[in-house]
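# Results of the structural survey
The primary structure of each chain is shown beneath.
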Amino acid sequence: MPAAIGVDRLERLLAAGAQLVEVLPADEYAEAHLPGAINIPLKTLDARTTSSLDRGTPVAVYCHDGL
Amino acid sequence: MSPRAAWRLEALGFEHVYDYVGGKADWLASGRPRAGRAAGEVFAGDLVDPDPPTCALADRVSDLGAALRASRYGFTLVINDRRVLLGRVRRSALSAAPEEARAEDVMEPGPSTVRYDTPASQLIERLAHKKLRTAIVTTPTGRLVGVFDRAAAARRLA
């Protein structure tokens, strides 16, 4: 079950090597994103687009405001 | 959007999935580093006065006078113990208020706010257009970031 986290936990995860994915559309990602994040828009999220990610390493996702 | 993405990743076989629920809005509102085209943009939150006059709901109006007279904004902001913005008390509201009144009795509830990541240059223009001197900046969860002073911000951007 995915865990809902806040910014402090996110920073700890990132410091420990977690992967970070922004799921907003590409233009919103291009405008501003969190350092180190890659962009996989929700509408394209599938086995192929996530193939570069390590399934055994923690991964954190975010959008604009969680809604 | 991110909750659905998190569940989708889990269904795709990811073992440890986390949903940063505050999202980009929360990150940017905290003033943390950012990447992308807007990385170099100066945001409203970057230029606020982070320590404007504040008070609590239960503070007596009679105790607010000195702080309000000293306030360069002409108001004090009403916040709770989590620094969530609840209202604004203007200097002009004090003259007609009985001494036993509390901030809650004379405040304007829910004053308009802007987000931390509003471009500062845009906000200066908007405020000038509306003939306003200041804007209150809050996080997406309503916590007070500070007061954006149009003239001071314009000087810093010049």
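What comes next is a walk through the structure.

Here is what the cut-offs are and how they apply
- Residues numbered from 1 in each chain as written.
- Chains lettered and ligands numbered in written order.
- Predicted model: local features only at pLDDT ≥ 70, side-chain atom pairs only at ≥ 80, totals over all residues.
- Helix = DSSP H or I, 4+ residues; strand = E, 2+ residues; numbered from the N terminus.
- Rg over C-alpha atoms; globule rule 2.2 N^0.38 Å.
- Buried ≥ 20, exposed ≤ 12 C-beta atoms within 10 Å, placed from the backbone.
- Pairing = 2+ DSSP bridges.
- Right-handed = clockwise from strand over helix to strand, strands pointing away.
- Contact = placed C-beta atoms within 7 Å.
- Axes fitted to C-alpha atoms, helices over the stretch in contact; angles between N-to-C directions.
- Nonpolar A, V, L, I, M, F, W, Y, C, P; charged D, E, K, R; others polar.
- Core = buried A, V, L, I, M, F, W, Y, C linked by C-beta atoms within 7 Å.

Let us now look at the overall build of chain A. Helix and strand content of chain A: 2 helices and 4 strands. N-terminal to C-terminal, the α/β element order of chain A is β-α-β-α-β-β. Taking 11 Å as the expected radius of gyration for a compact globule of 67 residues, we find that chain A reaches 12 Å, a close match to that expectation. For chain A, the spread of C-alpha atoms along the three principal axes comes to 25 × 25 × 20 Å. The buried share of chain A, taken over its 67 residues, is 31%.

Residues and elements named next belong to chain B. In terms of burial, strand 7 (residues 134–138) is largely enclosed, as 5 of its 5 residues are buried. Judged by which residues are buried, strand 7 turns out to be covered on both faces: Thr134, Ile136 and Thr138 on one side and Ala135 and Val137 on the other are all buried. Bridge analysis of strand 6 (residues 113–115) against strand 7 gives 3 bridges, and the strand direction is parallel. When the bridges of strand 7 are listed, valine 114 appears paired with valine 137. Handedness of the strand 6-helix 5 (residues 120–129)-strand 7 crossover: right-handed. Adjacent in sequence and paired antiparallel, strand 7 and strand 8 (residues 144–149) are bridged by 5 residues, among which glycine 142 carries a positive phi angle near 90 degrees.

So, on to the sheet that holds strand 2 (residues 19–22) of chain A. In a beta sheet, neighbouring strands pair by backbone hydrogen bonds and run either parallel or antiparallel. Strand order in the open sheet formed by 5 strands is 1(A)-1(B)-4(A)-2(A)-3(A), with parallel pairing between adjacent strands. Only two strands of the sheet have a single partner each, and these edge strands are strand 1 (3–5) and strand 3 (38–39) of chain A. Helix 1 (residues 2–11) of chain B rests against strand 4 (59–62) of chain A together with strand 1 (17–20) of chain B of the sheet, and its axis sits at about 175 degrees to strand 1 of chain B.

This next bit is on the interface of chain B and chain A. Taken together, the contact pairs 35 residues of chain B with 32 residues of chain A. Those elements that place two or more of their residues in the side of chain B that touches chain A are helix 1, strand 1 and helix 2 (23–29) of chain B. At 8 residues, helix 1 of chain B tops the list of elements feeding residues into the side of chain B that touches chain A. Residues that form the side of chain B that touches chain A fall into these classes: 19 nonpolar, 7 polar and 9 charged.

Another point: the nonpolar core. Of all hydrophobic cores here, the largest spans 57 residues; its most connected members are Ala60 and Val61 of chain A together with Ala44, Val137 and Phe148 of chain B. Once you skip the residues sitting within four places of it in the chain, alanine 60 of chain A turns out to touch Leu10, Leu13, Ala18 and Leu20 of chain A together with Tyr18 and Tyr20 of chain B.

Residues and elements named next belong to chain B. The strand order 2-3-4-5 describes an open sheet built from 4 strands, whose pairing is mixed. Since the sheet does not close on itself, it has two edges, and those belong to strand 2 (54–55) and strand 5 (108–109), each with one partner. Two elements, strand 4 (residues 85–90) and strand 5, share 2 bridges in a ladder whose sense is antiparallel. Paired with glycine 87 across the bridge in strand 5 is proline 109.

Turning to unusual backbone geometry, a few remarks are in order. Leave glycine aside and you will find that most residues have negative phi; peptide bonds, for their part, are mostly trans. Residues and elements named next belong to chain B. We note that arginine 83 has phi near 65 degrees; this positive angle belongs to a residue other than glycine. Inspection of the secondary structure assignment puts arginine 83 in the loop between strand 3 (75–79) and strand 4. At lysine 131, a residue that is not glycine, the phi angle is positive and equals roughly 55 degrees. With respect to the helices and strands, the residue lysine 131 is situated in the loop between helix 5 and strand 7.

Fair warning: the whole summary comes from geometry, so function is off the table for now.
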